[in-house]
Amino acid sequence: MERAPGREKSLIIVGAGIAGLSTGCYAQMNGYRSRLFEMHDKPGGVCTSWQRGDYTIDGCIHWLTGSAPATSPLHRMWEELGAVQGRQLVYPEVFMRIEGLDGRTLVAYTDTDRLQRALLELAPEDKKLIRRWVRAVRAGTRLELPMRPPELAGVADKLRGFMRSLPFALRTRDWFGLSVSELAARFKSPILREGFPQLGVWPPPLELSALFMFVNLGYICAKQAGYPVGGSLAFARAIEARYRELGGECHYGARVARILVENDRAVGIRLASGEEHRADAVISAADGHSTLFELLEGRYVDEGLRGDYQRLPVFPGLLQVSFGVRQRFEEVSPSVMGLSLPLREPLRIAAQEHRRLLLSLYQHDPTLAPAGCTVLKLFIQSDHAWWAALSKDPQRYAAEKERLADQLLAALETRFPGLSSRVEMRDVATPVTTERYTGNWRGAYQGWFPTPGAMRRRMRKTLPGLEAFYMAGQWVSPGGGLMPSALSGRHIIQLLCARDGRRFVAWRPRERPRRAPGRAAAPAMASLPVQAPRAERSTP
Ligand SMILES: Cc1cc2nc3c(=O)[nH]c(=O)nc-3n(C[C@H](O)[C@H](O)[C@H](O)COP(=O)(O)OP(=O)(O)OC[C@H]3O[C@@H](n4cnc5c(N)ncnc54)[C@H](O)[C@@H]3O)c2cc1C
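Heads up: these notes are all about the structure in this document.

The rules behind these values
- Residues numbered from 1 in each chain as written.
- Predicted model: local features only at pLDDT ≥ 70, side-chain atom pairs only at ≥ 80, totals over all residues.
- Heavy atoms only, no water.
- Salt bridge = Lys/Arg side-chain N within 4 Å of Asp/Glu carboxyl O.
- Helix = DSSP H or I, 4+ residues; strand = E, 2+ residues; numbered from the N terminus.
- Buried < 20%, exposed > 50% of the residue type's maximum accessible area, 1.4 Å probe, protein only.
- Phe/Tyr/Trp six-rings, centres within 6.5 Å; stacked < 30°, edge-to-face > 60°.
- Pairing = 2+ DSSP bridges.
- Axes fitted to C-alpha atoms, helices over the stretch in contact; angles between N-to-C directions.

Considering the pattern of salt bridges
Consideration 1: Within the structure shown, the criterion is met by 30 salt bridges.
Consideration 2: Close ionic contact of Asp113 with Arg138 constitutes a salt bridge, the shortest N to O distance being 2.8 Å. Of this pair, Asp113 sits in helix α3 (residues 112–122) while Arg138 sits in helix α4 (residues 127–140); the two residues are 25 residues apart in sequence, bridging distant segments of the chain.
Consideration 3: The residue Glu240 makes a salt bridge to Arg244 at a minimum N-O spacing of 3.3 Å. Placement of the pair is Glu240 and Arg244 together in helix α9 (residues 232–245), with a separation of 4 residues, close to one helical turn.
Consideration 4: Under the relative-accessibility criterion, Arg244 is labelled partly exposed at 41%.
Consideration 5: In this structure, a network of salt bridges that share partners links the residues Arg76, Glu79, Glu80, Arg490, Arg508 and Glu511.

Brief notes about the packing of aromatic side chains
Consideration 1: All told, the structure shown has 20 aromatic pairs when counted by the stated rule.
Consideration 2: The interplanar angle of 65° and the centroid separation of 5.0 Å between the aromatic rings of Trp133 and Phe196 together place this pair among those described as edge-to-face. With Trp133 in helix α4 and Phe196 in helix α7 (residues 190–199), this pair connects stretches of sequence that are 63 residues apart. A single burial state applies to Trp133 and to Phe196, both of which are buried.
Consideration 3: Summarising the aromatic geometry, the rings of Trp202 and Phe212 are spaced 6.1 Å apart at their centres and angled 55° between planes, so their arrangement reads as tilted. Residue Trp202 is located in the loop between α7 and α8 (210–221), and its partner Phe212 is located in helix α8; the two are separated by 10 residues in the primary sequence. Of the two residues examined, Trp202 and Phe212, each falls in the buried class.
Consideration 4: These aromatic residues form a ring-pair network of at least three members: Trp133, Trp175, Phe187, Phe196 and Phe214.

Things to note about the sheet that holds strand β10 (residues 249–251)
Consideration 1: Sheet architecture is open: 5 strands sit in the order β10-β2-β1-β14-β20, paired in parallel fashion. Each edge of the sheet is formed by a strand with only one pairing partner; in this case those strands are β10 and β20 (469–471). With strand direction ignored, the average angle separating the axes of adjacent strands in the sheet is 20°.
Consideration 2: Both strand β1 (residues 10–14) and strand β2 (residues 33–37) contribute to a ladder of 5 bridges, which runs parallel. For Val14, the partnering residue across the bridge sits in β2 and is Phe37.

In structure tokens form, the structure reads like this:
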């Protein structure tokens with residue numbers, strides 16, 4: 001993209017999820033004039049919370065990768081985005097409690113020594129594999145993601161990346177290409193064979209990559225992935241505030257219907273209202289499928305990309321069934337994910353059979369419920385197509401949600417007797433809810449599902465034959481997640497800076513760039529203490 005002399009370059013960003021907000025913040029820091037267009041009336045995308053009476057239902061964060069340590073580049077990124085300052089982060093001692101029908105419980109601690117001891121006590125016959133597995137989780141704690149986009153990585157960057165990931169690769173080399181359930185099948189003990197796949201959060205029949213689990217557990221066990229008290233919408237709003245402070249513009253209730261293209265160059269957008277806006281470049285941080293096949297009408301999709309959208313698995317739809325309960329659950333220690341509960345009789349939900357329920361108890365966030373009360377939430381993988389068909393009949397759809405809440409409450413009664421009588425609030429969000437509020441294709445709330453094959457996939461952030469257009473967010477970061485989405489926005493601005501021959505800079509709210517690259521940031525920073533911003537070489 002050439003720079004018009006004497007003029008700031010303008011960017012349009014589609015979608016104010018975490019990726020769009022991050023793109024906007026780094027755009028402003030680097031002297032681009034950016035505008036965000038979001039179809040919803042608030043920021044955050046899937047990183048959101050909603051209010052039901054006195055209760056707040058948190059719709060997203062369990063762990064925020066990069067929440068610590070303060071010295072890590074990922075933590076610095078969250079600080080640059082204004083997301084973590086002044087926010088209390090909680091690191092529960094337990095990742096998940098997996099209860100068995102035989103009364104035994106697998107407690108997955110977030111301290112690897114304690115985790116190993118607990119596993120060895122439960123299943124001494126699997127001593128060797130348990131020790132190897134825990135060593136792999138520990139190696140996962142030392143992985144570091146490249147802060148420079150792979151597109152700009154030179155030989156030295158690649159070598160450094162290789163050296164950093166070597167210990168992890170060596171520890172997990174026999175398990176490359178394995179799914180969590182394939183790895184679980186290697187245990188002899190029945191409780192580990194059943195419980196282990198639950199630790200992956202997305203249990204079979206989904207084919208979650210074992211490496212994905214190691215990386216997630218690695219960050220959690222290293223206390224580098226905490227829960228931000230206040231919940232997901234507050235977290236997203238903090239980044240939105242940072243964006244505005246940097247001079248960015250947010251337009252809500254602004255659904256983008258088309259990306260305007262002239263001579264194979266993105267030149268702006270047309271909103272559903274018919275309004276048009278023009279810019280030097282357009283970045284879509286919205287759902288990948290609608291970006292490619294609706295906003296760009298499928299004109300810049302080559303065979304490879306079309307094949308990805310036809311063949312690669314996406315996250316399954318998600319049912320989030322929440323209850324506000326007049327009760328504290330002191331006897332259940334706070335945990336990252338909650339309880340995995342076995343069902344005596346399988347439950348049929350949306351034409352699928354379920355043998356376990358994953359229940360999160362939000363005891364560790366007092367801001368979500370009145371004193372003495374707790375929000376409980378069930379996470380249930382559920383078929384988007386089934387719900388989409390049902391939602392065509394609004395009455396049946398509403399009735400099914402009510403029936404489901406009754407059915408699930410009855411199932412929870414067996415674990416927490418008397419629970420129903422203390423329920424003050426109930427709420428059911430289906431995969432159609434996710435799709436309606438965030439536009440994510442098939443309700444796939446986290447984009448591409450990280451199977452062993454998809455884990456190694458790198459998705460392009462530009463399109464063949466289309467100039468001045470970029471994609472950020474979970475649809476270009478297989479596996480999704482807050483940190484990869486935010487990082488992808490940072491990467492896009494690094495790519496733009498490299499193309500424009502600028503030095504990429506990034507700074508935290510109380511820092512001031514020595515040489516303000518953009519008009520917007522400098523005035524707001526003028527009276528604040530001076531610290532050097534981080535500048536990066538932007539050319540390969
Ligand atoms: C229940 C749940 C739990 C999760 N837990 C975690 C966790 O613990 N840790 C973690 O790291 N990640 C977690 N994630 C995943 C993480 O939240 C997402 O991967 C990440 O937030 C995706 O951000 P994004 O900006 O790429 O996409 P999105 O959040 O989907 O944002 C896209 C935005 O674009 C807007 N948009 C779409 N189409 C248009 C259009 N045509 N015009 C204008 N705007 C448009 C949408 O409204 C939306 O705001 C979880 C997600 C869910 C749903």
